[in-house]
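Chain and residue survey
Residues per chain are reported as follows:
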Amino acid sequence: MNGKTDWLIETKNLTKIYGDGVEIYALNDVNIHVGRGELLSIMGPSGSGKSTLLNMLGALDIPTTGQVFVDGQDVAEIKNKDIFRAKTVGFVFQMHNLLPTMTARENVEIPMMGHAGAKERHERAKYLLELVGLGDRLKHLPSQLSGGQRQRVAVARALANNPPLVLADEPTGNLDSAAGRALIELLHELNHKQGTTFVIVTHDPAVARQTNRVLVMADGKIVREDMIGSPIEEDLKMWQHSGLGRRIVNDEIDDLENLNLSSKQVKTLKEVLQNNQH
Ligand SMILES: Nc1ncnc2c1ncn2[C@@H]1O[C@H](COP(=O)(O)OP(=O)(O)OP(=O)(O)O)[C@@H](O)[C@H]1O
Ligand SMILES: [Mg+2]
């Protein structure tokens, strides 16, 4: 297949078998489609094949059978995988893999080596660190940054060559829940601003809820797919099913001062809740 499709990623009957004696189907006939500009999460128990799938999508590993298409290209047919990875895919891992003796800025410059001149690398690293909110930490070493900040450097590094796709394996795994939420918010912002497609492996349902769609894996297969509304829609659903939501719709609110909402805000909420009733 040649040329661009609507899908940024497509897998066809993707299977990965490990082991010589006892065969382990790390991936078992996986068919997924990921649209351009999606923010997708993958969940599932330990050992269900999430990292294996991510590695296949990023051409870090070779399938036993089946195919992976990224940006319309059959990954197996790509001769220079290093160039493909540098240009098309950014990676963020749970262990951020920053080089400890290099500053934040130098770490972000690494993927640009060989693709851009020194001045351009330097400028872009600064731009990206500003983009992730670390404009005042350019010269800090990883050891001088918090876990959340280090993960932000890893995100900036993943974006270095402006890839259409970023793959993140448990990017919030080492962060507390507030830092984790902030990181996913950052990915959302980058997704909106730059149209970058994100595929995020996570164990955390709160992280998955922040994405547009969740694929759930078990035993090497995709066993469920959930569409998720925008966070606002999710909040609205909660409101609709709450006693308060019902009272707003039924004009039974008489304690506005306790709600911290103006009567105008209540009116707007009522309209939105009514429009969202299914
Ligand atoms: N290099 C390997 N050699 C042999 N078996 C492997 C290898 N890598 C993974 N596996 C096996 O493949 C299966 C899927 O592993 P994978 O790392 O994809 O799981 P995961 O869903 O990412 O799990 P976790 O949530 O624990 O990270 C597991 O049963 C694992 O033991
Ligand atoms: Mg894993």
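Here goes a summary of the coordinates provided.

Definitions and cut-offs
- Residues numbered from 1 in each chain as written.
- Chains lettered and ligands numbered in written order.
- Predicted model: local features only at pLDDT ≥ 70, side-chain atom pairs only at ≥ 80, totals over all residues.
- Helix = DSSP H or I, 4+ residues; strand = E, 2+ residues; numbered from the N terminus.
- Buried ≥ 20, exposed ≤ 12 C-beta atoms within 10 Å, placed from the backbone.
- Contact = placed C-beta atoms within 7 Å.
- Near = placed C-beta within 6 Å.
- Nonpolar A, V, L, I, M, F, W, Y, C, P; charged D, E, K, R; others polar.
- Pairing = 2+ DSSP bridges.
- Axes fitted to C-alpha atoms, helices over the stretch in contact; angles between N-to-C directions.

Now for the overall build of the protein. Of the regular secondary structure elements, the protein holds 11 helices and 11 strands. By residue count, 35% of the 278 residues in the protein fall in the buried class. Considering only residue pairs separated by 6 or more positions, the protein has 69% of its internal contacts joining residues 24 or more positions apart.

Looking now at the site of ligand 1. In the vicinity of ligand 1, the contacting residues are Tyr 18, Gly 19, Ile 24, Ala 26, Gly 44, Ser 46, Gly 47, Ser 48, Gly 49, Lys 50, Ser 51 and Thr 52. Listed by contribution, the elements that provide at least two residues to the shell around ligand 1 are β2 (24-30) and α1 (50-57). Considering each element in turn, the shell around ligand 1 owes the most residues, three residues, to α1. When its residues are assigned to classes, the shell around ligand 1 shows three nonpolar, eight polar and one charged.

Moving on, we get to the pairing of β2. On a regular strand, one side chain projects to one face of the sheet and the next to the other, so that they alternate. Across four bridges, strand β1 (residues 7-18) lies against β2 in antiparallel orientation. Residue pairing across strands places Leu 14 opposite Val 30, the latter belonging to β2.

Let us now look at the sheet that holds strand β8 (residues 165-169). In a beta sheet, neighbouring strands pair by backbone hydrogen bonds and run either parallel or antiparallel. Read from one edge to the other, the open sheet built from six strands follows the order β7-β8-β9-β4-β10-β11, with strand pairing classed as mixed. The open sheet has two free edges, formed respectively by β7 (89-93) and β11 (221-227), since each of these has just one partner strand. The sheet shows a mean angle of 20° between the axes of neighbouring strands, taken without regard to direction. When strand β4 (residues 39-43) meets strand β9 (residues 197-201), the two strands line up parallel, connected through four bridges. From the neighbouring strand, Ser 41 faces β9, where its bridge partner is Ile 200. Of the strands in this sheet, β7 and β8 touch helix α5 (residues 147-158), which is tilted by about 165° from β7.

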